[in-house]
Amino acid sequence: MNPIPSSGERLPAVGMGTWRTFNVGGDQYLTDQRTEVLKTFFDLGGTLVDCSPMYGSAAEVMGEALDTLNAREKLFSASKIWTGDGDATRQQDRESRTKWGIERFDLQQVHNLVAWQQHLATLQQMKADGDVRYIGITTSHGRRHGDFARIMETEPLDFVQLTYNVLDREAEDRLLPLARERGIAVIVNRPFQGGRLFRRFQSNALPSWADEVGCRNWAEFFLKYILSHPAVTCAIPATTSVEHMKENMGALYGALPDEQQRRRMAAYVAGL
Amino acid sequence: MVTNWLSYSLSDFLMFGPEVFLRLFVRINQDIWPWQSVAVAMVIAIGALLVRGDAMARRGVLLLVAAAWLWSGAGFLVHYYGPINLPAIWFGWAFVLQGALLTVAALLWPWNAAKTRPACSRWSTGVGWIMLVGVSPLVAVAQTGNSLALSMFAITPDVTALGAVPCMLLFPRRVRWLFLSLPLIWSLFSVATLWTLGTWVLAVIPGATLVLAALACFINPRWAQNPD
Ligand SMILES: NC(=O)c1ccc[n+]([C@@H]2O[C@H](COP(=O)([O-])OP(=O)(O)OC[C@H]3O[C@@H](n4cnc5c(N)ncnc54)[C@H](OP(=O)(O)O)[C@@H]3O)[C@@H](O)[C@H]2O)c1
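Model, not experiment: these values are computed from the prediction.

Calculation criteria
Residues numbered from 1 in each chain as written. Chains lettered and ligands numbered in written order. Predicted model: local features only at pLDDT ≥ 70, side-chain atom pairs only at ≥ 80, totals over all residues. Heavy atoms only, no water. Near = heavy atom within 4 Å. Polar contact = N/O pair within 3.5 Å; in protein donor to acceptor, adjacent residues only side chain to side chain. Areas by Shrake-Rupley, 256 points an atom, 1.4 Å probe, with all protein chains shown as cover. Helix = DSSP H or I, 4+ residues; strand = E, 2+ residues; numbered from the N terminus. Nonpolar A, V, L, I, M, F, W, Y, C, P; charged D, E, K, R; others polar. Buried < 20%, exposed > 50% of the residue type's maximum accessible area, 1.4 Å probe, protein only. Pairing = 2+ DSSP bridges. Right-handed = clockwise from strand over helix to strand, strands pointing away. Salt bridge = Lys/Arg side-chain N within 4 Å of Asp/Glu carboxyl O.

## A closer look at the site of the ligand
All names here are of chain A.
Reasoning step 1: Taken together, 29 residues are adjacent to the ligand, and Asp50, Asn112, Thr239, Thr240 and His244 come closest.
Reasoning step 2: Between histidine 111 and the ligand, the recorded distance is 3.5 Å, taken from a side-chain N or O atom to a nitrogen atom.
Reasoning step 3: At a separation of 3.0 Å, an oxygen atom of the ligand approaches a polar backbone atom of alanine 238.
Reasoning step 4: A total of 900 Å² of accessible area belongs to the ligand in isolation, and the protein chains cover 88% of it.
Reasoning step 5: The biggest single contributor to the shell around the ligand is helix α9 (residues 242-249), with three residues.
Reasoning step 6: Class assignment for the residues of the shell around the ligand results in nine nonpolar, 16 polar and four charged.

## Some points on the pairing of strand β7 (residues 132-138) of chain A
The side chains of a regular strand alternate between the sheet's two faces.
All names here are of chain A.
Reasoning step 1: Of all seven residues in β7, six are buried, a share of seventy percent or more.
Reasoning step 2: Looking at chain direction, strand β6 (residues 105-110) and β7 are connected through five bridges and run parallel. Within β7, the residue paired with valine 110 across the bridge is isoleucine 137.
Reasoning step 3: For the crossover from β6 across helix α4 (residues 116-129) to β7, the handedness is right-handed.
Reasoning step 4: Taken together, the three bridges between β7 and strand β8 (residues 159-163) define a ladder with parallel strand orientation. Its bridge partner being in β8, threonine 138 is matched across the sheet by glutamine 161.
Reasoning step 5: Read from β7 through helix α5 (residues 145-154) to β8, the crossover connection turns out right-handed.

## Re the pattern of salt bridges
All names here are of chain A.
Reasoning step 1: Within the structure shown, the criterion is met by 22 salt bridges over all chains.
Reasoning step 2: Here arginine 264 and glutamate 212 are joined by a salt bridge, their closest N and O atoms 3.9 Å apart. Of the two residues, arginine 264 is situated in helix α10 (residues 259-270) and glutamate 212 in the loop between α7 (196-201) and α8 (218-227); the sequence distance between them amounts to 52 residues.
Reasoning step 3: Several salt bridges share partner residues, and in doing so they unite Glu9, Asp106 and Arg133 into one network.

## Some thoughts on the sheet that holds strand β9 (residues 185-189) of chain A
Residues and elements named next belong to chain A.
Reasoning step 1: In spatial order, the strands read β3-β4-β5-β6-β7-β8-β9-β10; together these eight strands make up an open sheet with parallel pairing. Here the strands that pair on one side only, and so sit at the sheet edges, are β3 (16-17) and β10 (234-235).
Reasoning step 2: Two strands pair when backbone bridges link them, and β8 and β9 are joined in this way by five bridges, in the parallel orientation. Residue pairing across strands places leucine 162 opposite valine 188, the latter belonging to β9.

Rendered as structure tokens:
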């Protein structure tokens with residue numbers, strides 16, 4: 001569990017993403033299967049689920065899964081505002097809430113900095129009015145880090161969301177230290193580089209010293225590398241599989257690597 | 001800004017995985033059963049009308065192809081594919097529009113002035129068309145290993161576009177392009193999607209449509225040079 005710096009509220013360090021994985025349209029069979037994935041997530045101690053209006057039917061599917069599981073009280077809901085219309089913040093928040101079947105989001109983020117000035121101003125007002133608990137901004141793939149840092153320096157934010165994994169480490173240079181300095185919680189997206197890390201490295205053996213860093217499989221190796229960074233609050237891997245969810249949630253438990261071990265982990269992957 | 005866009009790959013725009021896409025074929029087949037028989041009847045009727053080849057038959061072929069655009073557009077694209085992929089809804093309505101335009105063209109075009117072709121040419125066209133459209137649905141079965149994933153003409157968009165393109169040769173070249181633009185654009189979109197999804201076997205169908213549609217823009221069979 002890691003604290004959200006702006007409030008001290010604690011969050012489990014592994015959350016769940018929904019990009020691609022929960023966009024299953026009206027497919028009842030797959031909706032039921034994804035509901036099992038979500039159930040496993042909650043059963044193993046997860047709370048934070050991240051979604052966006054950009055993710056097709058994912059928000060509706062999430063709403064249906066939450067209905068089935070009757071699990072809204074376990075949820076830390078994180079959505080995004082993703083529209084070029086700077087006046088549509090509240091409307092999009094309302095639409096997303098209807099799909100999720102919740103009264104307010106725990107976290108509402110400006111997706112990829114789209115029309116961020118207007119959306120962020122409205123989100124700040126919504127937070128003051130009690131219509132959302134926390135607010136933040138997101139980026140991914142290392143895009144617009146300069147703008148992102150400037151916003152982090154000047155705007156009151158509870159959360160930032162960015163890409164960080166054992167291969168994509170640009171955030172270590174500026175954004176992660178800045179988040180610590182400014183007391184902003186960090187959600188890490190694309191922890192497996194969209195699944196590419198498994199495709200590239202899974203056929204290799206884990207290093208002989210993997211158990212020293214608390215890793216029993218590659219999922220834990222990739223996630224613990226991220227979670228052991230002192231600025232990181234939570235990583236949000238996405239999966240369609242109950243088995244993979246169990247592996248990913250394993251990263252919540254056991255030892256975390258220290259600074260020297262983290263360097264060794266990155267060097268090991270770079271050398272494969 | 002440019003470097004920002006260069007950091008995107010095709011897969012960044014794909015908001016669903018292969019599993020959910022391939023299940024669309026299974027789902028639509030389960031939901032519409034036994035209406036697949038209408039699609040089969042349409043295929044046989046189009047083949048037979050291509051063999052007959054007179055003015056009324058040509059009109060009939062195009063009206064049936066128009067119905068196929070309408071059905072696959074409003075059904076598969078708007079209703080099934082659209083919820084997981086927004087552009088599919090836009091394409092769905094474009095399919096519906098194409099069906100409507102083709103209906104008008106089929107009814108208004110002066111087919112009586114068309115040249116009749118020799119019997120052997122008509123038979124090879126009709127039988128060849130049925131074989132093409134009859135075999136293509138199996139590609140989705142080969143991709144998924146599931147016989148319920150049959151992707152039929154008039155029900156699914158790729159096979160509909162593939163079957164529609166040769167029928168457009170009934171029009172003279174100067175108007176044909178009007179009805180080839182959509183299959184070309186759709187097939188480009190579909191090849192890119194299927195390639196990114198890693199469902200390469202399925203990409204054969206829109207790939208073949210692209211080749212046929214490009215050819216159809218240039219070739220000009222004598223019997224289609226009507227009426228001037
Ligand atoms: N700008 C933004 O705001 C932004 C951008 C990108 C992402 N995000 C958020 O971040 C979340 C995570 O990023 P992502 O979904 O792009 O990528 P990711 O979580 O890095 O990777 C997801 C892929 O990893 C595979 N996977 C997960 N656990 C696995 C395991 N234990 N073993 C093997 N494979 C495994 C999944 O396949 P299986 O289904 O087979 O498990 C899936 O294909 C997104 O879902 C989204 O919520 C936000």
